[in-house]
Amino acid sequence: MEHARARLLSTDLRLDDALALLRDAGNESLDGAHGDAERIQRIIDGLCEISARDALTGLASVDHFRQALDRELERVARMGEGASLLLLGVDHMARLKDINGSSAREAGLRTVAATLLRSVRRMDFVARVGEEDLAVILPGVASEHVRRIAERLRAVISRSPIVLPGEMTVRVTASVGGASAPPWRRMRAGTLIAAADRQLLAARSRKRDHIAIDPLPSTRVSIEERAMLFADLGEPQA
């Protein structure tokens with residue numbers, strides 16, 4: 001009976017393929033699993049973790065990024081704290097490919113991704129959102145601070161050497177576009193992404209290695225919004 005059940009699990013559920021994917025990703029979460037149910041649950045958890053990550057850089061995937069941004073914007077609307085979004089485009093990646101083929105481009109993206117992870121806070125969220133584009137969600141960062149952060153990240157990337165196959169060392173730059181979500185206001189993720197993307201295009205139009213930040217949004221709360229916010233608190237609305 002146990003043999004028949006094990007054979008069913010490995011064929012119908014294609015567990016061998018799943019295990020191969022997990023091993024290739026360096027996932028050792030199956031060690032110490034007891035019984036079929038726990039083993040299958042660990043496989044499912046491992047596959048979910050893989051699907052949430054970009055295979056090349058190890059950063060969060062596009063879908064995971066959108067989910068995280070949706071959650072952050074909901075928190076902004078509910079808690080009244082600011083949040084900002086940076087979109088970074090790695091400049092002139094085609095030149096790296098011309099130097100040493102696709103492996104050079106991949107090395108460049110991995111280096112920039114690792115540099116970003118070392119340069120942001122633990123609470124920040126870094127993702128790969130395009131072929132050469134990365135994103136950083138900055139919880140609790142108001143619009144007046146986002147330019148300074150964007151400039152710091154741009155400078156760090158420009159100073160970080162990329163080691164190519166054959167021990168050749170080059171440097172790349174990044175263009176950065178930023179936008180912020182006003183506190184106490186509901187904003188769709190697509191709206192904030194579009195605002196940051198417009199600024200990224202503006203930064204790239206300035207010969208790259210620049211930053212551009214969306215103009216400060218209005219944070220003024222109308223009388224009607226104030227009434228909705230504080231009605232349950234019994235605060236005067238004048």
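Basis of the calculations
- Residues numbered from 1 in each chain as written.
- Predicted model: local features only at pLDDT ≥ 70, side-chain atom pairs only at ≥ 80, totals over all residues.
- Heavy atoms only, no water.
- Axes fitted to C-alpha atoms, helices over the stretch in contact; angles between N-to-C directions.
- Helix = DSSP H or I, 4+ residues; strand = E, 2+ residues; numbered from the N terminus.
- Parallel < 35°, antiparallel > 145°, perpendicular 65-115°, else oblique.
- Contact = heavy atoms within 4.5 Å.
- Pairing = 2+ DSSP bridges.
- Buried < 20%, exposed > 50% of the residue type's maximum accessible area, 1.4 Å probe, protein only.
- Expected span 1.5 Å × (residues − 1).
- pLDDT = per-residue confidence, 0-100.
- Right-handed = clockwise from strand over helix to strand, strands pointing away.

1. Details of the packing of helix 4 (residues 62-79) against helix 7 (residues 189-204)
Contact pair helix 4 / helix 7: the axes reach a minimum separation of 9 Å and the direction vectors enclose 105°. Relative to helix 7, the element helix 4 lies roughly perpendicular. Packed against helix 4, whose contacting residues are Phe 65, Arg 66, Leu 69, Asp 70 and Leu 73, the element helix 7 presents Ala 189, Gly 190, Leu 192 and Ile 193 at the interface.

2. Things to note about the sheet that holds strand 2 (residues 125-128)
The strand order across the open sheet built from five strands is 2-3-1-6-7, with neighbouring strands paired in mixed fashion. Since the sheet does not close on itself, it has two edges, and those belong to strand 2 and strand 7 (211-213), each with one partner. For this sheet, the mean angle separating the axes of adjacent strands, direction not counted, is 15°. In the sheet, strand 6 (residues 174-181) pairs with strand 7 via three bridges, with the strands oriented parallel. Residue Gly 177 lies in a different strand from strand 7, and its bridge partner there is Ala 212. Here helix 7 sits on the sheet and contacts strand 1 (83-90), strand 3 (133-139), strand 6 and strand 7; the angle it forms with strand 6, its principal contact strand, is near 150°.

3. Thoughts on unusual backbone geometry
Positive phi is not limited to glycine here, since Trp 184 has a value of about 70°. Within the secondary structure, Trp 184 sits in the loop between strand 6 and helix 7. Residue Trp 184 is classed as partly exposed on the basis of its relative accessible area, which comes to 39%. Within the chain, Asp 209 stands out as a residue other than glycine whose phi angle is a positive 55°.

4. Topic: helix 4
For helix 4, which comprises 18 residues, the first-to-last C-alpha distance of 25 Å matches the rise-based estimate of 26 Å (1.5 Å per residue) to within 8%. Those residues of helix 4 lying buried are His 64, Phe 65, Ala 68, Leu 69, Glu 72, Leu 73, Arg 75, Val 76 and Ala 77. Residues of helix 4 that are buried make contact with strand 1, strand 2, strand 3, strand 6 and helix 7.

5. Quick look at the confidence of the model for the chain
When pLDDT is averaged across the chain, the result is 79; 67% of the residues are at 70 or more. Within the model, the stretch residues 4-11 combines pLDDT values under 50 with eight contacts to residues more than four positions away or in other chains. Scored below 50 in pLDDT, residues 233-238 shows six contacts in the model against residues more than four places distant or in partner chains.

6. With respect to the pairing of strand 6
Of all eight residues making up strand 6, eight are buried, and the element is well covered by its neighbours. Here strand 1 pairs with strand 6 via eight bridges, running antiparallel. In the strand pairing of strand 6, Leu 87 is matched with Gly 177. The parallel pair strand 6 and strand 7, bridged by helix 7, forms a crossover whose chirality is left-handed.

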